[in-house]
Amino acid sequence: MVTPDDFGSLYQRWLAGIRQTTDTLEDWALVGIKRRGAVLARRLLEDLGGSAGAGGPGPAYGELDISLYRDDYHLQTGAPAVLGTEISFEVEDKSIVLVDDVLYTGRTVRAALDLILDFGRPRRIWLAVLVDRGNRELPIEANFTGEFFETARNDRVQVRLKEMGDDYDGVDLTSFVEAGA
Amino acid sequence: MSDTMKWNRKHLLGLEDLSREEIIELLDTAEGFREVSTRSVKKVPALRGRVVVNLFFEPSTRTRTSFELAGARLSADVLNFSGSSSSTSKGETLNDTALNIEAMGVDIVVVRHSCSGAAYQLSQVLECSVINAGDGAHEHPTQALLDIFTIRQHKPDLEGLKVAIVGDVSHSRVARSNIWGLQKLGAEVYAVGPSTLVPNGLSRLGVKVSHNLDEVLEEIDVFNMLRIQKERQERGLFPTIREYAKLYGLNGERMKRVKEDALVLHPGPINRGVELTPEVADGSRSVILDQVSNGLAVRMAALYLVGACGPQGGQVESQRAAGEES
């Protein structure tokens, strides 16, 4: 869907859009949703002049583990892995850019919003997603989208990132054909 | 769904039948829960709408409170049922009591009972999940897990670590669970105490038996000092509390001889001046209060993991077939 060659320009377009807004912000933070959203957030952090350590220049930084906020705990065969949330900055009155790799049903973002609000009352939250694949189940939209792709519910969209052990940066689409079709 | 746990047990009855991987998964999960207790809102919605019942047939303050708070932090409703003040004193059997409580719509029963095997028995008759909070002299898995969790914070690799369990090992469920858990993670376990409380037969569990604390003092990395029950003395298992303290208690003198980075654990409540002198209990090598706060994270992890495999969990797996990247 997005080849390693195209990935760079997709990311740059996404970054430029985010920068337009964050350049006007003072007290703001980048927050990534584990795990691939956090990997992207770390890339953005570097490109937007921040550092993951506390007290450095640029935005504050945090990572969310939404497993304890999922709405499907009772539907699972096992509990989702608990990876831990790391928010060491004061959320109260902060402007926050929430980052994830793929926006799909919107349920992950709902969980992430609830999680952030348990830490305090931010001034505002923006949502930045590299890929929007449609098929929303909740009224949630992104402020910064790298690219929109029309997909079927059964499709599987995967953002590949080298930090996650993938061989390349890219976006893969796998279509599952109905059995017998 | 690579991010889903490999854990697929409905109950947590003991460490004897858990694999090394399952124990590590529980400890790692607890690690993720520690952060929740540092937030301003110390609560996550994971077990919202679930009901946890503490079914305690033996007096307990810290274990019950710890489970109660762990359930509350996961947003479960937690009920406390104490056996002594209730129907059991009117002759109701354990099974009947538990079935009656379960009939109110309970998801997880946390049980403590003076009979070994009580938790297992309930796991056979109840539909819901059962967590063993101590059964007779058999097992007390969450206590051992929090002990191991605390050790791991200071000594991440347990392989070859020498851990001494000192005191009444014979009657101790804490000791039994620790022995299973520690050995699965590669630690070398010593059982130290008078021969009446640490019989030589314990070596069948793979532990090194010693009746002389001073002999092993210098090689031990971690001391887990079991609480001594006064009634054991009344039964003649050791002559006097004072002699026990002199032979098997940790005091300032002994601490001068132990390894520089040795840890001191105690499951509580401490008999000050018996198992530990106050200077050791409150000293720099003591991690006793860490044990208590870690206990909360470990019990949250236990509730979270078994809850997901309970009667409501795992029935509609196809519904989130493609949900991974949502």
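As the structure is a prediction and not an experimental result, all values here were calculated from the model.

J.: Could you give me a rundown of the overall build of chain B, with the residues and numbers involved?
T.: A count of helices and strands for chain B gives twelve helices and nine strands. Counting only C-alpha atoms, chain B reaches 60 × 50 × 40 Å along its principal axes. Looking at chain B alone, contacts between residues at least 24 apart form 75% of all its contacts between residues at least 6 apart.

J.: Lay out the overall build of chain A in plain terms, naming residues and giving numbers.
T.: Each helix and strand in chain A was counted, giving three helices and eight strands. Traced from its N-terminal end to its C-terminal end, chain A shows the element sequence α-β-α-β-β-β-α-β-β-β-β. For 181 residues, the compact-globule estimate of 2.2 N^0.38 gives 16 Å, and chain A sits close to it at 16 Å. Judged by the C-alpha coordinates and their principal axes, chain A covers about 60 × 40 × 30 Å. Looking at chain A as a whole, 41% of its 181 residues are labelled buried. The long-range share in chain A, meaning contacts at least 24 apart out of those at least 6 apart in sequence, stands at 64%.

J.: Give a detailed account of the confidence of the model for chain A, specifying residues and quantitative values.
T.: The share of residues in chain A with pLDDT of 70 or more is 93%, and the mean pLDDT across the chain is 91. The secondary structure element of chain A with the lowest average pLDDT is strand 3 (residues 86-87) of chain A, at 92, and the one with the highest is strand 5 (residues 124-132) of chain A, at 98.

J.: Please set out the environment of B:Val78 residue by residue, giving values where relevant.
T.: Following the sequence through the fold, B:Val78 ends up in strand 2 (residues 77-82). Spatially, the C-alpha atom of B:Val78 lies 21 Å from that of B:Ala118, the residues being 40 residues apart in sequence.

J.: Tell me about unusual backbone geometry, residues and numbers included.
T.: As a rule of thumb, non-glycine residues mostly have phi less than zero, and peptide bonds are mostly trans rather than cis. Residues A:Lys34 and A:Arg35 are joined by a peptide bond in cis, for which omega reads 0°. Structurally, A:Arg35 is set in the loop between strand 1 (28-33) and helix 2 (36-47). Residue B:Pro269 is reached from B:Gly268 by a cis peptide bond, and omega for that bond is -10°. Within the fold, B:Pro269 resides in the loop between strand 9 (263-265) and helix 11 (278-281).

J.: Please set out the sheet that holds strand 1 (residues 51-56) of chain B residue by residue, giving values where relevant.
T.: All names here are of chain B. Spatially, the four strands line up as an open sheet ordered 2-1-3-4, and their pairing is parallel. Edge strands, defined here as strands with exactly one partner in the open sheet, are strand 2 and strand 4 (129-135). When the angles between neighbouring strand axes are averaged without regard to direction, this sheet yields 15°. Across five bridges, strand 3 (residues 108-113) lies against strand 4 in parallel orientation. Residue His113 lies in a different strand from strand 4, and its bridge partner there is Asp135. Where helix 4 (residues 118-125) meets the sheet, its contacts fall on strand 3 and strand 4, and the angle it forms with strand 4 comes to roughly 165°.

J.: An account of the environment of B:Ala46 is needed here, citing residue identities and associated values.
T.: The residue B:Ala46 is located in the loop between helix 1 (20-34) and strand 1 in this model. Taking C-alpha positions, B:Ala46 is 26 Å from B:Ser82, a pair spaced 36 residues apart along the chain.

J.: Describe in detail the packing of helix 1 of chain B against helix 5 (residues 141-154) of chain B, supporting the description with residues and values.
T.: Residue and element names in this part refer to chain B. For the pair helix 1 and helix 5, the least separation of the axes is 10 Å and the interaxial angle reads 70°. Put simply, helix 1 runs roughly perpendicular to helix 5. Contacts between helix 1 and helix 5 involve Leu26, Leu27 and Ala30 on the former and, on the latter, Leu145, Ile148, Phe149 and Arg152. Across the contact of helix 1 with helix 5, the residue classes tally to six nonpolar, no polar and one charged.

J.: An account of the packing of helix 1 of chain B against helix 12 (residues 288-308) of chain B is needed here, citing residue identities and associated values.
T.: All names here are of chain B. It is at 8 Å that the axes of helix 1 and helix 12 come closest, and there the two elements cross at 115°. Of the possible angle classes, the one that applies to helix 1 and helix 12 is roughly perpendicular. You can see that helix 1 and helix 12 cross each other, and the crossing is right-handed. Residue-level inspection shows Leu26, Thr29, Ala30, Phe33 and Arg34 of helix 1 in contact with helix 12, the latter providing Ala297, Val298, Met300, Ala301, Ala302, Tyr304 and Leu305. Residues of the contact of helix 1 with helix 12, tallied by class, amount to ten nonpolar, one polar and one charged.

Conventions we followed
- Residues numbered from 1 in each chain as written.
- Chains lettered and ligands numbered in written order.
- Predicted model: local features only at pLDDT ≥ 70, side-chain atom pairs only at ≥ 80, totals over all residues.
- Helix = DSSP H or I, 4+ residues; strand = E, 2+ residues; numbered from the N terminus.
- Contact = placed C-beta atoms within 7 Å.
- Rg over C-alpha atoms; globule rule 2.2 N^0.38 Å.
- Buried ≥ 20, exposed ≤ 12 C-beta atoms within 10 Å, placed from the backbone.
- pLDDT = per-residue confidence, 0-100.
- Pairing = 2+ DSSP bridges.
- Axes fitted to C-alpha atoms, helices over the stretch in contact; angles between N-to-C directions.
- Parallel < 35°, antiparallel > 145°, perpendicular 65-115°, else oblique.
- Nonpolar A, V, L, I, M, F, W, Y, C, P; charged D, E, K, R; others polar.
- Left-handed = near helix turned anticlockwise from the far one by under 90°.

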